[in-house]
Number of protein chains: 2
Amino acid sequence: MIVIDRERLAELPLLTLAAPAIRDAYIAVTDGRANLPPVGYLPLPGRNADCHIKYGYIEGDPIFVVKIASGFYDNPAKGLPSSTGMMVAVSTETGDVVAVLDDKGLLTDLRTGLGGAIATTALWRKDAGSIGIVGAGTQARIQIRALASLSNRPLRFTVWGRSMERANAVLADLADLGLPIAATTDLEALCRQSDAIVTTTPSKKPLIRSAWIGPSTHITAMGADAPGKQELETALVARADRLFVDLAEQCLDHGEFSAAARAVVIQEERCVALGAVLSGAAEGRRSDNDITIADLTGIATQDIAIARTVLDELGLLGRSQGTTA
Amino acid sequence: MIVIDRERLAELPLLTLAAPAIRDAYIAVTDGRANLPPVGYLPLPGRNADCHIKYGYIEGDPIFVVKIASGFYDNPAKGLPSSTGMMVAVSTETGDVVAVLDDKGLLTDLRTGLGGAIATTALWRKDAGSIGIVGAGTQARIQIRALASLSNRPLRFTVWGRSMERANAVLADLADLGLPIAATTDLEALCRQSDAIVTTTPSKKPLIRSAWIGPSTHITAMGADAPGKQELETALVARADRLFVDLAEQCLDHGEFSAAARAVVIQEERCVALGAVLSGAAEGRRSDNDITIADLTGIATQDIAIARTVLDELGLLGRSQGTTA
């Protein structure tokens, strides 16, 4: 068993390396290769904290992964990040622990960013050029980096933050990309001008109104991943031409689409699995005029995919697979 | 985060150190301090393998624990043990991973052994001296070591194995204890002569017949921990005066008592929680003549208890609690 720390992981070009594996992570769910048990949930009463335990298996893989992801909501007051985590990669040959990835949430951030960019580039209008990013946190930054990495044509970004200070901080952090990125606090204007929008906030009430979204827009909704979170007006979800999900049971239960499902303005039958689009088994966008929305809540196959990519890149799979290093 | 390997853990006198914490682990379940979500289960189709993920929280504890326990049933053919595992101890203050206990199942073996010995010494007749151990594997050895450690009076052991060779190997391994231990392949004789019996086999059909068990005997059934396993004749469970469980929902679903529950010869109301006996909230043995049976399936609070004991002994809790070492 070896331990790989966050600093070492941050040196790897994972937004490039892991993209094919993350793409396959969605397909594995729809073609029957993935075994995804329900996510474990451990609340810590009296600590204002909880922990999610995600685990799963992709048939034929050399490893499976158990991920521990914690939310400690009093941490910021102590100067610590509110979320952290780690992954344990276990050999599917022997059960030995191959590696502990002490990533403190980095790999989750990266696989989430790649998932969003894969959905966005699969579902946007083919000539989309103006991209709106809603939110100014970690995931806003990673979505831009992942889209810049995956797209083969020039993109212009606008970042919305609750303050110009926060939005401008994103621009400063991404200066190395050399891309046209603007900052705004005018969410309506961002929505009206964007061909594709990626939402990344922890909002608990809808930020984006249906009236602001014109035909042909694609939206990837990343923020809502727990009961009570919502970024898009329910009427917008109801009105969309095509709805896409990473996993319908999660999205309709506690994702962006859950409010619309509870209001019975959408049904599960309308939700197309992203994996089926990526594999060609289902249609994605049908016309330039379609409004498309993808709701991503995160699935354990993404964790397996990025962990496998790391271990492969570090030479820890292959012939020595399954032995403890 | 620090990693503590099996060799370092094996040096600690945990059968002594962890006994009070394991005792409390049972009480925590009955006095409302424990949060025990359902055990996660990940089968690996095509690998003849599976993985259990156990996690839980005891109110007020400095850590919680996520345990990964794998069974790879083709491993013995490769010269590897069929079961392995590890524990991750997470700070309940910050969510940081305090330590990875790379115990390869050792801590599970020890906490299981201590649990058995705590149940046996709480429920046997007060003058019990002759102890029968059914099985000749790892858990047979640990049960004897734990009973020798916890009991304050002299005990005589008899070990039953399917062969004299296997039973004698237990005696050889325990020679350092300096205790009277005999080996046998006559299970009926062992049952008829023992005041208390501890069963530790993976048997899938009853080994111990009701007719062999006289009044005043106590039995601790450790082996049955999955659907289809059974060590005691169902009639014996039905006939017992008092039945005890670590966790009724587990014991009646996939423990020793599950066959009797399915046959509707016992009901949940008859099952008394071991923790309630240990805390004094419920009666244990009521008379010298009672036949008592305890069914232990293993609970996450035991994992927390032994992990906390390890970290405390190594000075990793206390003032630095919650920070990564």
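Fair warning: this is a prediction, and the values are worked out from it, not measured in the lab.

Asks: An account of the sheet that holds strand β12 (residues 218-221) of chain B is needed here, citing residue identities and associated values.
Replies: Residues and elements named next belong to chain B. In spatial order, the strands read β10-β9-β8-β11-β12-β15-β13-β14; together these 8 strands make up an open sheet with parallel pairing. In this open sheet, the two edge strands, each paired with only one partner strand, are β10 (181-184) and β14 (271-273). Taken pair by pair, the neighbouring strands of this sheet meet at an average axis angle of 20°, ignoring direction. Here strand β13 (residues 242-245) pairs with strand β15 (residues 292-295) via 4 bridges, running parallel. Looking across to β15, one finds that Leu243 is bridged to Ile293. Taken strand by strand, helix α6 (residues 164-173) contacts β9 (156-160) and β10, and its axis lies near 170° from that of β10.

Asks: Any chance you could break down the domain arrangement of chain A for me, citing the residues and the numbers?
Replies: All names here are of chain A. Each assigned domain of chain A is listed here: domain 1 (2-107 + 301-320) and domain 2 (123-298). Look at where the C-alpha atoms of domain 1 and domain 2 centre, and you get two points 24 Å apart. On the domain 2 side, the residues contacting the 12 residues of domain 1 number 17 residues. Interface area for domain 1 against domain 2, summed over the two sides, is near 1000 Å², with a carbon-plus-sulfur share of 71%. When residues of domain 1 are sorted by the area they lose upon contact with domain 2, Leu15, Tyr26 and Thr30 head the list and together hold 47% of the total.

Asks: Lay out the interface of chain B and chain A with the relevant residues and their values.
Replies: On the chain A side, the residues contacting the 41 residues of chain B number 41 residues. Interface of chain B and chain A: buried area, both sides summed, is about 3200 Å²; carbon and sulfur atoms make up 66% of it. Three residues stand out in chain B for area buried against chain A, namely B:Leu42, B:Arg47 and B:Tyr57, and they jointly supply 18% of the buried area on that side. In this structure, A:Glu93 engages B:Arg47 in a salt bridge whose closest nitrogen and oxygen atoms are separated by 2.8 Å. Summed over the shared surface of chain B and chain A, the number is 14 residue pairs in polar contact (both at pLDDT 80 or more). Put simply, the parts of the chain that give the side of chain B that touches chain A at least two residues each are β3 (40-44), β4 (49-58), β5 (63-72), β6 (83-91) and β7 (97-102) of chain B.

Asks: Break down the pairing of β6(B) for me, citing the residues and quoting the values.
Replies: Residues and elements named next belong to chain B. The buried fraction of β6 is high, at 8 of 9 residues. Two elements, β5 and β6, share 9 bridges in a ladder whose sense is antiparallel. Each residue of the ladder has a partner; that of Ile63, found in β6, is Ser91. Strand direction decides the pairing type here: β6 and β7, joined by 4 bridges, are antiparallel. Residue pairing in the sheet places Val90 in a bridge with Val97 of β7. Count of turn residues in the β6/β7 antiparallel hairpin: 5 residues, of which Gly95 carries a positive phi of about 85°.

Asks: How would you summarise the relation of the copies chain B and chain A if you had to cite specific residues and measurements?
Replies: The operation relating chain B to chain A is a screw motion whose rotation component is 180°, with 0.0 Å of axial translation and a residual RMSD of 0.0 Å. Overall, the copies show the geometry of a two-fold rotation axis. Considering only C-alpha atoms, the residue of chain B closest to the rotation axis is B:Gly40, which sits at 3.5 Å. A high fraction, 100%, of the interface residues of chain B reappear at the interface in chain A, so the copies pair face to face through one surface.

Asks: Before we move on, could you go through the environment of A:Ser258 and cite the residues and values that matter?
Replies: Residues and elements named next belong to chain A. Summarising the element assignment, Ser258 is placed in helix α10 (residues 258-262). Look at Ser258 and you get buried, because its relative accessible area is 3%. Separated by 34 residues in the primary sequence, Ser258 and Ala224 place their C-alpha atoms 9.1 Å from one another.

Asks: Can you break down the sheet that holds strand β9 (residues 156-160) of chain A residue by residue, with the values?
Replies: All names here are of chain A. The parallel open sheet is built from 8 strands, whose spatial order is β10-β9-β8-β11-β12-β15-β13-β14. The open sheet has two free edges, formed respectively by β10 (181-184) and β14 (271-273), since each of these has just one partner strand. Between one strand axis and the next, the sheet turns through 20° on average, direction left out of account. Note: strand β8 (residues 130-134) against β9, 5 bridges, orientation parallel. Note that in β9 the partner of Val134 across the bridge is Trp160.

Asks: Describe unusual backbone geometry, naming the residues involved and giving the relevant values.
Replies: Residue and element names in this part refer to chain A. One non-glycine residue, Asn48, lies in positive phi territory at about 50°. Relative to the helices and strands, Asn48 is located in the loop between β3 (40-44) and β4 (49-58). Look at Asn48 and you get partly exposed, because its relative accessible area is 40%.

Asks: Tell me about the packing of helix α5 (residues 138-150) of chain A against helix α6 (residues 164-173) of chain A, and please be specific about residues and values.
Replies: Residue and element names in this part refer to chain A. Across the interface, α5 lies against α6 with an axial gap of 10 Å and an inter-helix angle of 40°. Compared by their axis directions, α5 and α6 come out oblique. Considering how the two elements wind past one another, α5 and α6 form a crossing that is right-handed. Of the residues in α6, those in contact with Arg141, Ile144 and Arg145 of α5 are Ala169, Val170 and Asp173. In terms of residue class, the contact of α5 with α6 is made up of 3 nonpolar, no polar and 3 charged.

Asks: Describe the environment of A:Cys271, listing the residues and the values that go with them.
Replies: Residues and elements named next belong to chain A. With respect to the element layout, Cys271 can be found in strand β14. For Cys271, a relative accessible area of 12% translates into the label buried. Each C-alpha atom of the pair Cys271 and Asp295 lies 9.4 Å from the other, and the pair is 24 residues apart in sequence. Not counting chain neighbours up to four residues away, the residues in contact with Cys271 comprise Leu243, Val245, Leu252 and Phe257.

Conventions we followed
The residue count restarts for each chain, going from 1 along the sequence in the order it is written. Chains and ligands are labelled sequentially in the order written, the chains with letters from A and the ligands with numbers from 1. Local features are withheld for residues below a pLDDT of 70 in this predicted model, meaning they are given only at 70 or higher, and side-chain atom pairs are given and counted only at 80 or more; totals for whole chains, interfaces and linings count all residues. In computing side-chain values, all of the structure's heavy atoms are included and hydrogens and water are not. We call two strands paired when DSSP finds no fewer than two bridges between them. A run of H or I in DSSP becomes a helix once it reaches four residues, and a run of E becomes a strand once it reaches two; helices and strands are each numbered from the N terminus. For helices, the fitted line uses only the C-alpha atoms of the stretch in contact; every axis is such a line through C-alpha atoms, and the angle between N-to-C directions lies from 0 to 180 degrees. Throughout, a contact is declared for two residues whenever any of their heavy atoms are within 4.5 Å. All domain edges in this entry derive from an automatic or database-based domain assignment. Put simply, buried area is the surface a 1.4 Å probe can reach on two separate parts but cannot reach once they are joined, added for both. In what follows, salt bridge is the name for a side-chain nitrogen of Lys or Arg lying within 4 Å of a carboxyl oxygen of Asp or Glu. What qualifies as a polar contact is a pair of N or O atoms within 3.5 Å, subject to a donor-acceptor requirement within protein and to the restriction that residues adjacent in sequence count only when both atoms come from side chains. With a 1.4 Å probe rolled over the protein chains alone, any residue whose accessible area is under 20% of its type maximum counts as buried; one over 50% counts as exposed, and the rest are partly exposed. C-alpha atoms of residues with pLDDT of at least 70 in both copies form the basis for the least-squares superposition of the copies. Note that the term roughly parallel is reserved for angles under 35 degrees, roughly antiparallel for angles over 145, roughly perpendicular for angles of 65 to 115, and oblique for everything else. In this scheme, a crossing is called left-handed if the near helix is turned counterclockwise away from the far one by less than a right angle; it is called right-handed if the turn is clockwise. For this classification, Asp, Glu, Lys and Arg are treated as charged, while Ala, Val, Leu, Ile, Met, Phe, Trp, Tyr, Cys and Pro are nonpolar and the rest, including Gly, are polar.

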